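Fold and geometry: a report
Take a look at the letters that make up each chain.
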Amino acid sequence: MKVEDLLGQPGEWLKGTGPENDVVISSRVRLARNLNRFPFLTVATPASRADVEKFVRSHLDGAKLPKELVYWPMSAFSSVERTVLVERHLISKEHATAEGERGVAVAPDESVSIMVNEEDHLRLQVIRSGLQLEEAYDEIDRMDTALEGALHFAFDSRFGYLTACPTNAGTGLRISVMLHLPAVALAKQVDKVLQSLQRLNYNVRGFYGEGTSPLGDFYQVSNQVTLGKSERDLIADLRKVIPEILRFERAWRHKLLEDEPKRLEDKVWRAYGVLKNARRMSSEEATDLLSSLRLGVNLNILTGIPIKTLNELFIFTQPAHLQKLERRILEPDERDLVRAELIRRKLEGL
Amino acid sequence: MTCEKCKKSPATFHLTAIEGGQKREAHLCEDCARKSGVMNVKFNFSISDLLETLEPPPTKAQAAKTPQVRCPECGITYSEFKAKARLGCANDYQVFKGELLRLLEKVHGATNHVGKTPSTADVHVQKEHELMRLKRELEGVVKTEDFEKAAQIRDRIRTLETELSRP
């Protein structure tokens, strides 16, 4: 499998078929694991890093993982290709830019990835479309169990799984749900959501995780606590919180539709008009307009555009994806032209 | 390594103190460490500073007086952890246990893991820790050109690696 193959077909989780997909884009679970016999990467020499990479790689093949994965060393990728993987949510920004031996194993449907030598020796990830936290956890738990026989993870009965940063210790589990909250944003109620989530010890981040700003009204909610609760309890806790946010977003959608239908219709149809006709489009404008269009489709203001197409466009209009598509480095100005053209083409006949 | 006081339990506390320019090492089990009071050693930092970072800087004289506990496996001190906010190895959780417990309490509101336990914990753990410590020791003796010692360590590393590679 090549990066080109990844590019051609969007990840399973983008299909927009999962439960609650009018608001929930995806559910993601991540486990941080370290090998007991090697120092953490903070102090690892280049040789020790290389040993970890070799060791993990040799055991990935033997482990009976629920899904077959393809492993790549990061050195196999150009810098644009690495950014494509970041834009696909398969690796972190840090993993794309860091030095030293490291790699990533990916399932062809992109629902599973394992980063090797990121902040921890292993970072396992499972992404599912819509709200499927239990299903995602079941799958990552099976992967973890399949790997632990061969790899011997650093573990302590008091501290749990030992991670480079103590904020991940215990379960090493980070659960994130990507939400689309355009009505809450339109009603200027985002702060309310953020504050109540922070009070409950949840982090809220932008589309591309840590340190990114909200893009197109997408918000990623994830747990801060990883220790002192079981994996199932952490999931159950978030499972209680998410429906509240869904109810809030849907209530605002309903209110806007009832109270100010023309304002909402105008916003959606304008977005449609610009996306169908523009000749130049910045990344920010594209995500904003696509967000409005996605809201319009969910509210049946406008029909005939599959959610899948819109979900894909959020990813495919990102800078590295455009460059990979054109097979050359593009200046920001050129990207705006290519982006507008790609969107027009994808919306043609819809 | 067994505790040098009771000579029974495994030593989980490895302390290096610099006192008046003299280096002193102690390897103790948790119980003996608690009894001897080394677990209550006052450091020139508190864990809350990791999050709040408003700690008055110590003078050079104050800093010299403060014992710097160094992990025998990865070689980092707690101050180095603080600077990077990342630990150096699994053993750091034992070496800096007291500080980390306070930090974890603050971050997670809890200090005990109640989740999944790997089925393969324990047997390998001791050997793997020894292996990591020996590899570090080897670097040291190679630097000082103590080839006899280096050969001994290499033999032990080889034995451990063979044992660990068995399923």
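Scroll up to find the structure.
Note that the structure is a prediction, hence the values are computed from the model and not measured.

Details of the overall build of chain A
A tally of helices and strands in chain A yields 13 helices and 10 strands. Over its C-alpha atoms chain A spans a radius of gyration of 21 Å, differing by no more than 12% from the 20 Å that the globule rule assigns to 350 residues. For chain A, the spread of C-alpha atoms along the three principal axes comes to 65 × 45 × 30 Å. When each of the 350 residues of chain A is scored for burial, the buried share is 60%. Contacts in chain A between residues at least 24 apart in sequence constitute 71% of all its contacts with a sequence separation of at least 6. Summed over its atoms, the accessible surface of chain A is roughly 14,000 Å², and 48% of this surface lies on carbon and sulfur atoms. Where the 49 positive side-chain charges of chain A centre and where its 51 negative ones centre are 1 Å apart.

Structural notes on empty space enclosed by the protein
The tally for this structure, following the rule as stated, stands at two cavities of 30 Å³ or more. The calculated volume of the second largest cavity comes to roughly 30 Å³.

Looking at the pattern of salt bridges
Considering all chains together, one arrives at 35 salt bridges over all chains under this definition. When the shortest N-O distance is used, the salt bridge between Arg33 of chain A and Asp144 of chain A registers 2.9 Å. Taken together, the positions of Arg33 of chain A in strand β1 (residues 24-33) and Asp144 of chain A in helix α5 (residues 133-151) put the pair 111 residues apart, joining distant regions of the chain. We note that Arg33 of chain A, like Asp144 of chain A, is buried. Residue Lys116 of chain B is joined to Asp144 of chain A by a salt bridge in which the shortest nitrogen-to-oxygen separation is 2.7 Å. Of this pair, Lys116 of chain B sits in the loop between α6 (97-108) and α7 (123-143) while Asp144 of chain A sits in helix α5, each in a different chain. No difference in accessibility class separates Lys116 of chain B from Asp144 of chain A, as the two residues are buried. If you follow the salt bridges from partner to partner, you end up with Glu20, Asp22, Glu249, Arg250 and Arg253 of chain A in one network.

A word on the nonpolar core
Residues Leu35, Ile114, Leu122, Leu147, Leu179 and Leu293 of chain A are the most contacted members of the largest nonpolar core, which totals 98 residues. With nine residues, helix α8 (residues 231-259) of chain A is the single largest residue contributor to this core. Among residues more than four places away in sequence, those in contact with Ile114 of chain A are Leu60, Leu69, Gly103, Val104, Ala105, Leu122, Arg123, Leu124, Met143 and Leu147 of chain A. Formed by 25 residues, the second largest nonpolar core is a distinct cluster that contains Ala164 and Ala169 of chain A together with Cys89 and Leu101 of chain B.

Some thoughts on helix α12 (residues 319-326) of chain A
Within α12 of chain A, burial applies to Ala320, His321, Leu322, Gln323 and Lys324 of chain A. Two residues or fewer after α12 of chain A comes Arg327 of chain A, characterised by a positive phi angle close to 60°.

Remarks on the packing of α8 of chain A against helix α9 (residues 261-277) of chain A
All names here are of chain A. Running from amino to carboxyl end, α8 crosses α9 at an angle of 105°, the nearest separation of the two axes being 5 Å. With respect to each other, α8 and α9 are oriented roughly perpendicular. In this structure, α8 uses Arg253, Leu256, Leu257, Glu258 and Asp259 to contact α9, whose residues at the interface are Pro261, Arg263 and Leu264. Residues of the contact of α8 with α9, tallied by class, amount to four nonpolar, no polar and four charged.

Section: the interface of chain B and chain A
Reports of interface size often rely on the accessible area that becomes lost once the parts have come together. Taken residue by residue, the interface counts 39 residues in chain B and 40 residues in chain A. Of the roughly 3,600 Å² buried between chain B and chain A on both sides combined, carbon and sulfur atoms contribute 59%. The three residues of chain B that bury the most area against chain A are Tyr93, His113 and Lys116 of chain B, which together make up 21% of that side's buried surface. Where chain B packs against chain A, one counts three salt bridges. In this structure, the salt-bridge partner of Lys116 of chain B is Asp141 of chain A, at a minimum N-O distance of 2.7 Å. If you look at where chain B meets chain A, you find 17 residue pairs in polar contact (both at pLDDT 80 or more).

Brief notes about unusual backbone geometry
A negative phi angle characterises most non-glycine residues, just as the trans form characterises most peptide bonds. Residues and elements named next belong to chain A. The backbone of His89 sits at a positive phi, close to 65°, despite the residue not being glycine. By the element assignment, His89 lies in the loop between α3 (79-87) and α4 (93-97). Residue His89 is classed as buried on the basis of its relative accessible area, which comes to 12%. Its identity as a non-glycine residue notwithstanding, Asn300 has a phi of 60°, on the positive side. Topologically, Asn300 is positioned in the loop between α10 (283-298) and α11 (307-316).

Topic: α3 of chain A
Residue and element names in this part refer to chain A. Along α3, seven of the nine residues are buried, which leaves the element largely enclosed by surrounding structure. Val80, Glu81, Arg82, Val84, Leu85, Val86 and Glu87 are the residues of α3 that are buried. Phi for His89, located one or two positions after α3, is positive at around 65°.

Remarks on the sheet that holds strand β9 (residues 202-205) of chain A
Remark on secondary structure: sheet strands pair via backbone hydrogen bonds, oriented parallel or antiparallel. Residues and elements named next belong to chain A. The eight strands lie next to each other as β2-β3-β4-β5-β1-β8-β10-β9, forming an open sheet whose pairing is antiparallel. Looking at which strands have only one partner, the edges of the open sheet turn out to be β2 (70-73) and β9. In this sheet, neighbouring strand axes are inclined to one another by 20° on average, regardless of whether the strands run parallel or antiparallel. The sheet contact formed by β9 and strand β10 (residues 218-223) spans four bridges and is antiparallel. By the bridge assignment for β10, Arg205 is matched with Gln220. Where α5 meets the sheet, it contacts β1, β4 (112-116), β5 (122-129) and β8 (173-180), and its direction lies at approximately 155° from that of β5.

Points about the packing of α9 of chain A against helix α13 (residues 332-347) of chain A
Residues and elements named next belong to chain A. Where α9 meets α13, the axes come as close as 7 Å, and the angle between the chain directions of the two elements is 110°. With respect to each other, α9 and α13 are oriented roughly perpendicular. Contact with α9, carried on its side by Leu275, Lys276 and Asn277, involves Ile343, Arg344 and Leu347 of α13 and no other residues of that element.

Conventions we followed
Residues numbered from 1 in each chain as written. Chains lettered and ligands numbered in written order. Predicted model: local features only at pLDDT ≥ 70, side-chain atom pairs only at ≥ 80, totals over all residues. Heavy atoms only, no water. Helix = DSSP H or I, 4+ residues; strand = E, 2+ residues; numbered from the N terminus. Rg over C-alpha atoms; globule rule 2.2 N^0.38 Å. Buried < 20%, exposed > 50% of the residue type's maximum accessible area, 1.4 Å probe, protein only. Contact = heavy atoms within 4.5 Å. Areas by Shrake-Rupley, 256 points an atom, 1.4 Å probe, with all protein chains shown as cover. Lys, Arg positive; Asp, Glu negative; His and termini not counted. Charge placed at Lys NZ, Arg CZ, Asp CG, Glu CD. 1 Å grid on protein atoms, 1.4 Å probe; cavity = no way out; pocket = protein on both sides within 12 Å on 5 of 7 lines; lining within 4 Å. Points joined across faces, edges and corners; volume = space filled by probe spheres on them. Salt bridge = Lys/Arg side-chain N within 4 Å of Asp/Glu carboxyl O. Core = buried A, V, L, I, M, F, W, Y, C linked by side-chain atoms within 4.5 Å. Axes fitted to C-alpha atoms, helices over the stretch in contact; angles between N-to-C directions. Parallel < 35°, antiparallel > 145°, perpendicular 65-115°, else oblique. Nonpolar A, V, L, I, M, F, W, Y, C, P; charged D, E, K, R; others polar. Buried area = accessible area lost by both parts, 1.4 Å probe. Polar contact = N/O pair within 3.5 Å; in protein donor to acceptor, adjacent residues only side chain to side chain. Pairing = 2+ DSSP bridges.

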